[in-house]
Amino acid sequence: MDCVFCGIAAGKIPSKKVYEDETLLAFHDINPEAPVHVLVIPKQHISSLDAVTPENSGFVRAIFEKIPEIARLAGLENGYRVVSNCGPDAAQSVPHLHFHILGGKQLPAHIV
Ligand code: DGP
């Protein structure tokens, strides 16, 4: 499959890893939009939040259970923001479900 995040999950494309286990991977965004910008992905290919189902929602649960630890590992001691862009109107550019963890500075109060 020609998916950049599947390539990163498989170790075929290098990344700066923050955390990894059997189901998920967290790594630094190649184009950071905040002092700390980490992406968390399920290793299994899920194209976006629109493709979450009762069968695969365990991956989303696993990610959210791990986000506090990932944020700590990334040095985020004073809060952070989690964002998932879904589809064209949200400017999703990589069609593999991912959650942005953003922080390391005072973020604007409004996202849009
Ligand atoms: P989104 O626009 O929500 O689909 O965000 C995709 C993010 O993925 C974007 O912030 C840049 C990042 N990204 C794209 N390709 C790579 C890559 O090869 N490595 C890393 N580390 N990040 C990538």
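Everything here concerns the structure above.
Residue numbers restart at each chain and count upward from 1, following the sequence in its written direction. Whole-chain, interface and lining totals are the exception, using all residues; otherwise, since this is a predicted model, local features are given only for residues with pLDDT of at least 70 and side-chain atom pairs are given and counted only at 80 or more. Just so you know, side-chain values use all the structure's heavy atoms and leave hydrogens and water out.

**Q** Got a sec to walk through the pairing of strand β2 (residues 24-28)? Specific residues and values, please.
**A** Two faces, one strand: in a regular strand the side chains alternate between the faces of the sheet. Of all the five residues making up β2, four are buried; the element is thus mostly covered by neighbouring parts of the structure. Here strand β1 (residues 17-20) runs beside β2; their pairing, made up of three bridges, is antiparallel. Paired with Tyr 19 across the strands is Ala 26, a residue of β2. Alignment of β2 against strand β3 (residues 36-42), held across five bridges, turns out to be antiparallel. Residue pairing for β3: His 28 is matched across the bridge by Val 38. Each residue is assigned to one of three classes by its accessible area relative to the maximum for its type, calculated with a 1.4 Å probe on protein chains only: buried under 20%, partly exposed between the two thresholds, exposed over 50%. For helices the rule is a DSSP run of H or I covering at least 4 residues; for strands it is a run of E covering at least 2, with both sets numbered from the N terminus onward. Note on pairing: DSSP must find at least two bridges between two strands before they are called paired.

**Q** Quick rundown of the site of the ligand? Include the residues and the values.
**A** Being near a molecule or strand, for a residue, means having at least one of its heavy atoms within 4 Å of it. Around the ligand, 15 residues are found, and the nearest of them are Asp 29, Asn 85, Ser 93, His 98 and His 100. Here a polar contact is taken to be a pair of N or O atoms separated by no more than 3.5 Å, where protein atoms must pair a possible hydrogen donor with a possible acceptor and residues adjacent in sequence count only if both atoms sit in side chains. Within the side chain of Asp 29, one N or O atom sits 2.5 Å away from an oxygen atom of the ligand. Take His 98: an N or O atom from its side chain is 2.9 Å from an oxygen atom of the ligand. Elements that contribute at least two residues to the shell around the ligand include exactly α1 (4-9) and β2. Looking at which element gives the most residues to the shell around the ligand, the answer is α1, with three residues. Of the residues contributing to the shell around the ligand, the split by class is eight nonpolar, six polar and one charged. Just so you know the grouping, Ala, Val, Leu, Ile, Met, Phe, Trp, Tyr, Cys and Pro go in nonpolar, Asp, Glu, Lys and Arg go in charged, and all remaining residues, Gly too, go in polar.

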